[in-house]
Amino acid sequence: MARKLFVLVLIMCSTTALITCTNGGAGDGGEGLHMKLTHVDAKGNYTAEELVRRAVAAGKQRLAFLDAAMAGGGDGGGVGAPVRWATLQYVAEYLIGDPPQRAEALIDTGSDLVWTQCSTCLRKVCARQALPYYNSSASSTFAPVPCAARICAANDDIIHYCDLAAGCSVIAGYGAGVIGATKFSYCLTPYFHNNGATGHLFVGASASLGGHGDVMTTQFVKGPKGSPFYYLPLIGLTVGETRLPIPATVFDLREVAPGLFSGGVIIDSGSPFTSLVHDAYDALASELAARLNGSLVAPPPDADDGALCVARRDVGRVVPAVVFHFRGGADMAVPAESYWAPVDKAAACMAIASAGPYRRQSVIGNYQQQNMRVLYDLANGDFSFQPADCSAL
């Protein structure tokens, strides 16, 4: 767990990398850093059903990205701004340069680097964004650094792409060896009915848990060398009062060949919905189907095969909470509204998906993390969480 967060790095043209830094609050000392998080669809005036459809589409893109990353040996598959931008979920605005300019960063715990783009970015390569591109030529703190410099050599993902012919991009990085914070937390507001409130990201000294609600802590699972993902030791699930008959081994991260890993459970702010390996999903769906038998309704025509749905008005009344059990006694209770979602005017369906018959990795997505404050303590290898009213922070 040597990864660190939020140094700003700029990649430019074919032979140089450029660096600029945020305020000193990004470290573990001082007051730390607080950024507001906005969901990518928050300003789109979408209905609840439209938000869910967009999340489903984004989730499929995200799983494809995760598959490609794992196929690359677990190292995140290298850096590619258009790919990262296509799977974004949460965006933070910040000021960069001198004089300061407004910029956007993608906040993503499942990627090595988080991008924003410069005015020299090639339009056919880089993605469209709401804010103007960062004008590096207008900043007095912008200076070139050779690719062979120590700061670049310390981050494999940057040095791999020193020949990137895509102009300039600004990156908030998680890479080992860069100077940044070893502790961060976030709190995601509900997808629906958040009254316009933003989510929150806390970095460094400002990252902590407290207030109401029990704090649960488990240790991260050591992932493959160079992996950008955060693996958690999930060992089981409970529906209501029923512990599901799922062997803990189905969630294990395994080295199937030297340097090649399979399975595991990652927590990912960039994935909308949770997906579980097939055996775990089958056990969960079977238990819920038995419990909800009298309340189940026909899924909409475009739903996945076997989708479980109930009347929207009945979700809070009939759907039980699900508890995710982690090693060390940490239990994450997920209320119905954090794993069921409205799909049309009449029905809501379970928003936990099967990873499919061949995918061995489970993913805990951001929909399950809404109204939950989570803390990544990388120095101690701890992951902590507690229920919270994120709209009130």
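The rules behind the values
- Residues numbered from 1 in each chain as written.
- Predicted model: local features only at pLDDT ≥ 70, side-chain atom pairs only at ≥ 80, totals over all residues.
- Heavy atoms only, no water.
- UniProt positions renumbered as here; feature names shortened; annotations may be inferred.
- Helix = DSSP H or I, 4+ residues; strand = E, 2+ residues; numbered from the N terminus.
- Buried < 20%, exposed > 50% of the residue type's maximum accessible area, 1.4 Å probe, protein only.
- Contact = heavy atoms within 4.5 Å.
- Areas by Shrake-Rupley, 256 points an atom, 1.4 Å probe, with all protein chains shown as cover.
- Pairing = 2+ DSSP bridges.
- Salt bridge = Lys/Arg side-chain N within 4 Å of Asp/Glu carboxyl O.
- 1 Å grid on protein atoms, 1.4 Å probe; cavity = no way out; pocket = protein on both sides within 12 Å on 5 of 7 lines; lining within 4 Å.
- Points joined across faces, edges and corners; volume = space filled by probe spheres on them.
- Nonpolar A, V, L, I, M, F, W, Y, C, P; charged D, E, K, R; others polar.
- Phe/Tyr/Trp six-rings, centres within 6.5 Å; stacked < 30°, edge-to-face > 60°.
- Disulfide = S-S within 2.5 Å.
- Axes fitted to C-alpha atoms, helices over the stretch in contact; angles between N-to-C directions.
- Core = buried A, V, L, I, M, F, W, Y, C linked by side-chain atoms within 4.5 Å.

- You'll find the protein entered in an unreviewed UniProt entry as Peptidase A1 domain-containing protein, with Oryza barthii given as the organism.
- Of the comments in the UniProt record for the protein, the one headed Sequence similarities (unreviewed entry) reads "Belongs to the peptidase A1 family."

**Focus: the overall build of the protein**
And step 1. The helix and strand inventory of the protein stands at six helices and 27 strands.
And step 2. Counting over 393 residues, the protein shows a buried share of 54%.
And step 3. Within the protein, counting contacts between residues at least 6 apart in sequence, those at least 24 apart form 73% of the total.
And step 4. Taken as a whole, the protein presents about 17,000 Å² of accessible surface, with 55% of it coming from carbon and sulfur.

**Considering the pairing of strand β15 (residues 253–257)**
And step 1. In this structure, β15 lies alongside strand β16 (residues 260–263), joined through four bridges in antiparallel fashion. By the bridge assignment for β16, Glu255 is matched with Phe261.
And step 2. The hairpin turn running from β15 into β16, its antiparallel successor, is two residues long, and Gly259 in that turn takes a positive phi close to 80°.

**Regarding the pattern of salt bridges**
And step 1. In this structure the tally under the stated criterion is five salt bridges.
And step 2. The partner of Asp41 in a salt bridge is Arg54, with the nearest N and O atoms 2.9 Å apart. Of this pair, Asp41 sits in the loop between β3 (33–39) and α1 (48–71) while Arg54 sits in helix α1, and the two are 13 residues apart along the sequence.
And step 3. With a relative accessible area of 7%, Asp41 lands in the buried category.
And step 4. Overall, Arg54 belongs to the partly exposed group, its relative accessible area being 37%.

**Focus on the layout of surface pockets**
And step 1. One number sums up the size of the largest pocket: a volume of about 840 Å³.
And step 2. Taken together, 33 residues form the lining of the largest pocket, with Val56, Lys60, Phe273, Asp304 and Ala353 sitting closest to its centre.
And step 3. Sorting the residues of the lining of the largest pocket by element identifies α1, β18 (274–276), β23 (347–350) and β24 (352–354) as the ones contributing at least two each.
And step 4. If you tally residues by element for the lining of the largest pocket, the top one is α1, at seven residues.
And step 5. Residue classes in the lining of the largest pocket are distributed as 19 nonpolar, seven polar and seven charged.

**Remarks on the packing of aromatic side chains**
And step 1. Going through the model one piece at a time under the given rule, you end up with 15 aromatic pairs.
And step 2. Summarising the aromatic geometry, the rings of Tyr191 and Tyr367 are spaced 4.9 Å apart at their centres and angled 85° between planes, so their arrangement reads as edge-to-face. Taken together, the positions of Tyr191 in the loop between β9 (183–187) and β10 (199–203) and Tyr367 in the loop between β25 (362–364) and β26 (372–377) put the pair 176 residues apart, joining distant regions of the chain.
And step 3. Given the relative accessible area of 12%, Tyr191 is considered buried.
And step 4. Look at Phe273 and Tyr367: their rings are 5.3 Å apart centre to centre, the planes differ by 75°, and that puts the pair in the edge-to-face class. Taken together, the residues span a long stretch of sequence, with Phe273 in the loop between β17 (265–267) and β18 and Tyr367 in the loop between β25 and β26 at a distance of 94 residues. Assigned by exposure class, Phe273 and Tyr367 land together as buried.

**Here's the deal with the state of the cysteines**
Linking two cysteines covalently via their sulfur atoms produces the bond known as a disulfide.
And step 1. Scanning the entire structure with this criterion turns up two disulfides.
And step 2. The disulfide partner of Cys187 is Cys390, and the S-S distance across this bridge is 2.0 Å. Its torsion about the S-S bond being -75°, the disulfide of Cys187 and Cys390 is classed as left-handed. Taken together, the positions of Cys187 in strand β9 and Cys390 in the segment after β27 (382–387) put the pair 203 residues apart, joining distant regions of the chain.
And step 3. Its relative accessible area of 0% is what places Cys390 among the buried residues.
And step 4. With a sulfur-sulfur separation of 1.9 Å, Cys309 is cross-linked through a disulfide to Cys349. When the S-S torsion is 90°, as for the bridge of Cys309 with Cys349, the disulfide is right-handed. One end of the pair, Cys309, is in strand β19 (residues 309–311); the other, Cys349, is in strand β23, and 40 residues separate them in sequence. Taken individually, Cys309 and Cys349 each receive the classification buried, so the pair is uniform in this respect.

**Let's talk about the sheet that holds strand β22 (residues 340–342)**
And step 1. As summarised here, the arrangement of the three strands in space is β19-β23-β22, forming an open sheet in which the pairing is antiparallel. Among the strands making up the open sheet, the edge pair consists of β19 and β22. For this sheet, the mean angle separating the axes of adjacent strands, direction not counted, is 30°.

**Examining the sheet that holds strand β21 (residues 330–334)**
Where strands meet in a sheet, backbone hydrogen bonds hold them as pairs that are either parallel or antiparallel.
And step 1. Within the open sheet, the four strands sit side by side as β14-β13-β20-β21. Their pairing is antiparallel. Each of the sheet's edge strands pairs with one partner strand only, and the pair in question is β14 (242–243) and β21.
And step 2. Two elements, strand β20 (residues 322–326) and β21, share five bridges in a ladder whose sense is antiparallel. Its bridge partner being in β21, His325 is matched across the sheet by Asp331.

**Points about the nonpolar core**
Burial of nonpolar side chains together is a common tendency in soluble globular proteins.
And step 1. By size, the foremost hydrophobic cluster in this structure holds 72 residues, and its most contacted members are Phe324 and Tyr376.
And step 2. Sort the elements by how many residues they give to this core and helix α5 (residues 278–291) lands first, with six residues.
And step 3. What Phe324 contacts, discounting residues up to four positions off in sequence, is Leu234, Gly236, Leu237, Thr274, Leu276, Ala330, Asp331, Met332, Val334, Ile352, Ile364 and Gln368.

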